[in-house]
Amino acid sequence: MNMMTANMMAARHDFGESEETLDLNELCIQHPSATYFVRASDDSMVDAGIHCDDVLVVDRSITARNSDIVIASVDHSFTVKKLELSPQLRLLPMNQGNSDFKPRHIEDDTAFEVFGVVTYVIHATR
Amino acid sequence: MFAVIHCPEFYIQCERLFRPDLRSQAFVIASNDGQGGLRIIASSAEAQTLALTPGLQGAELTDMLNSLANVKEIKICSPNYELYGDISERFIKSLALLAPNVTPCDINEASLDLRGLKLDTLDPRHPGAISSVHCFGKKIRCTLSQWTGISAFVGVAPTKTLAKLASHAAQKFDHYDGVADLSSRHQQHRIFDQIPVSEIYGVSVKAARKLSAINIHTALELSTAPKAQIRRASSVVIERIAIELSGLRCRESNTNITKQNVVSNKQEHIEAQTFVSIKQALVEQVTQASQQLNRLDNTCTTVSVSLTTAPLSQRAAQIQNGLTLDLSKPSDSAATIQKLATQLLESLWHKNAEYYSIELNLDGLNPKGRPQFSLFSDSINPSLELNRPGPLETIRFETYLSHASDRPWQDKRSLLSPSFTTKWADIPRVS
């Protein structure tokens, strides 16, 4: 055993047995087989902390409730919005600074499906 | 009790999960046919109504696509095995959280061994919450659909063959609502006469013809006909299916499925199939099977080899070819079995076919030194059949072969959907 290994072992001993390194998956993913990732492609949800190019953790095992942020397919494309179930079914953008993003009513004949609930946002700060 | 969970049109479902634009759209998944053209390996229900069925290929397919071009938009995708493999893994992992003893059978199918379990205790998190087979199946179906986005059908029955048939019935008959419980004889017989033998897994078109010649057309007739007659008319494999249909479980000493590249589209893993590479897989199977025989201190009396051209998920495109040879005397010698198996492979092999899997069955297992029964008088008491040696016991090996034609269509790489779940650069973008 060389000096360095001996020192490291002694150090480890002093600080007690080390636990496993923290795993971000453990924090962000409760149901791995039901979790998918998507990437935001605009700032329509910036007030919810979702910026363009952020990675969103989407859990399909959770049943969406009113005010959840969801990934939904509307008329054959995916969108991320706040779900409003009552008084009527609507998808709401969250960007007060940009009035281009407007609430969207979901009519009975619209092809609509909730893909999953967004549980975490991964945002790069630089 | 066993359960079989089957996801029909699996490739189609996987593509649609991340492509809302493909929902309710006629589209086909097609790969290279090896001669510069295309071959359909899966098609959506909408495409099937336009006669674009799996197996269609080459000039015939091109002509059909051309004639449909002005009538309806048909989308074509290359098979994205990375995606299908990932979704399949999620399907198995989700199942494993709901039930014990999950065995993957194919990319889109799994079986559960429910023996020794009270259905009440099946969900560890909610003891008592599931009170019946039907509720249990329903829960599996709903959870799979929500978690993975894939719709599945559930069959529950006393044997694997029956459970497999039950999952087929669950899909075929609307009144089951996706879950068929065939645990009692009464429930089985209610639908057996509506299922032609050709729809039973393991019964090839050829075998169905042979059965039809002795007036066996439905699952009901197959399950009640004298077993010796079935064996004489077809094969020991069909006899075993018939025995399982009548509710007796055949023992599988070892079901060893070796997967080779079946869910991979990485170029370096794909080698052109040759007779040599298939023979290699068979040699490996024989070696393992004869070791198994020796461990059991058994001999076998028949050797069967079958080659399949497409996975279970594409029954329509599937051509299964099997041959069985009886040994002149019971044997456990790897060399003898090898010789027979190779003979069988040589007679089955077609140069232009591309094979998906090869299966080796050793049947008629007997403890060494025990004389072989003179086989099966029709009057045999069914309760004795349980202890009877012979086709009740089998050693089975199946190997999936790499598939040269599964290479995404070279000229149209753009047809390949992104790796939505396996590459960061490819995850879906949402606005």
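See the structure shown above.
Chains are numbered independently. Their residues run from 1 in the order of the written sequence. Think of it this way: whatever chain is written first is A, whatever ligand is written first is 1, and the rest follow in order. Per-residue local features are limited, in this predicted model, to residues with pLDDT of at least 70; the limit for side-chain atom pairs, both in listing and counting, is 80 or more; totals at the level of whole chains, interfaces and linings are taken over all residues. The basis for every side-chain value is the complete set of heavy atoms in the structure, and neither hydrogens nor water enter the calculation.

Caption draft 1: Spotlight on the overall build of chain A. Numbering of helices and strands runs from the N terminus, with a helix taken as a DSSP run of H or I at least four residues long and a strand as a DSSP run of E at least two residues long. The helix and strand tally for chain A stands at two helices and seven strands. Walking chain A from its N terminus toward its C terminus, one meets helices and strands in the order α-α-β-β-β-β-β-β-β. Here chain A holds 126 residues, and the buried ones make up 34% of them. Throughout, a residue-residue contact means that at least one pair of heavy atoms, one from each residue, lies within 4.5 Å. Across chain A, the fraction of contacts at a sequence separation of at least 24, relative to all contacts at a separation of at least 6, is 53%. In the structure as shown, chain A presents an accessible area of about 8200 Å², 51% of it carried by carbon and sulfur atoms. Only protein chains enter the accessibility calculation, which uses a 1.4 Å probe; a residue whose area is less than 20% of its type maximum is buried, one above 50% is exposed, and one in between is partly exposed. Where accessible areas are quoted, they stem from the Shrake-Rupley method and a 1.4 Å probe; at the residue level, only the protein chains shown are allowed to cover.

Caption draft 2: Fine view of the interface of chain B and chain A. Listed as interface residues are 21 residues of chain B and, on the opposing side, 30 residues of chain A. Buried area counts how much accessible surface, traced with a 1.4 Å probe, disappears from two parts once they are put together, with both parts' losses summed. Overall, the association of chain B and chain A removes approximately 2200 Å² of surface from exposure, summing both partners, and the carbon and sulfur fraction of that is 55%. In terms of surface lost to chain A, no three residues of chain B exceed W147, V430 and S431 of chain B, which account for 31% of the buried area on that side. In the sections that follow, a salt bridge refers to a side-chain nitrogen of Lys or Arg positioned within 4 Å of a carboxyl oxygen of Asp or Glu. Where chain B touches chain A, the interface holds two salt bridges. Across the salt bridge formed by R429 of chain B and D53 of chain A, the nearest N and O atoms sit 3.1 Å from each other. Two N or O atoms count as a polar contact when they lie within 3.5 Å, although within protein this holds only if one can serve as hydrogen donor and the other as acceptor, and sequence-adjacent residues are included solely when both atoms are side-chain atoms. Across the contact surface, chain B and chain A share 20 residue pairs in polar contact (both at pLDDT 80 or more). Listing elements by their share of the side of chain B that touches chain A, those giving two or more residues are α1 (10-18), α4 (81-98), α5 (133-148) and β14 (429-430) of chain B.

Caption draft 3: Region of interest: the packing of helix α6 (residues 160-172) of chain B against helix α11 (residues 236-245) of chain B. All names here are of chain B. Axis geometry follows a simple rule: fit a line to the C-alpha atoms, using only the stretch in contact for helices, then measure angles between N-to-C directions, giving values from 0 to 180 degrees. Between α6 and α11, the shortest axis-to-axis distance is 7 Å and the interhelical angle comes to 80 degrees. With respect to their mutual orientation, α6 and α11 come out roughly perpendicular. On α11, the residues that touch K160, T161, L162 and L165 of α6 are I241, E244 and L245. For the contact of α6 with α11, a count of residues per class yields four nonpolar, one polar and two charged. We call two directions roughly parallel when the angle between them is under 35 degrees, roughly antiparallel when it is over 145, roughly perpendicular when it lies between 65 and 115, and oblique otherwise. Three classes are used: nonpolar for Ala, Val, Leu, Ile, Met, Phe, Trp, Tyr, Cys and Pro, charged for Asp, Glu, Lys and Arg, and polar for all others, with Gly counted as polar.

Caption draft 4: Seen up close, the sheet that holds strand β2 (residues 27-32) of chain B. All names here are of chain B. DSSP-based pairing: two strands are paired if at least 2 bridges between them are found. One open sheet holds the three strands; their spatial order is β3-β2-β4, and the pairing between them is mixed. With one partner strand each, in any of the chains shown, β3 (38-43) and β4 (75-77) form the two edges of the open sheet. Recorded for the sheet is a direction-independent mean angle of 40 degrees between the axes of neighbouring strands. Where β2 lies against β3, five bridges are found, and the strand directions are antiparallel. Across the sheet, the residue bridging to I29 is A42, located in β3.

Caption draft 5: A look at a nonpolar patch on the surface. Residue and element names in this part refer to chain A. By definition, no residue in a patch forms a salt bridge, and every one has over 30% relative accessible area; like charges are joined within 9 Å, nonpolar side chains (Val, Leu, Ile, Met, Phe, Trp, Tyr) within 5 Å. Together, L24, L27 and Y120 line one region of the surface with nonpolar side chains, adding up to about 310 Å² of accessible area. With respect to the element layout, L27 can be found in helix α2 (residues 24-28). The exposure class assigned to L27 is exposed, which follows from its relative accessible area of 51%.

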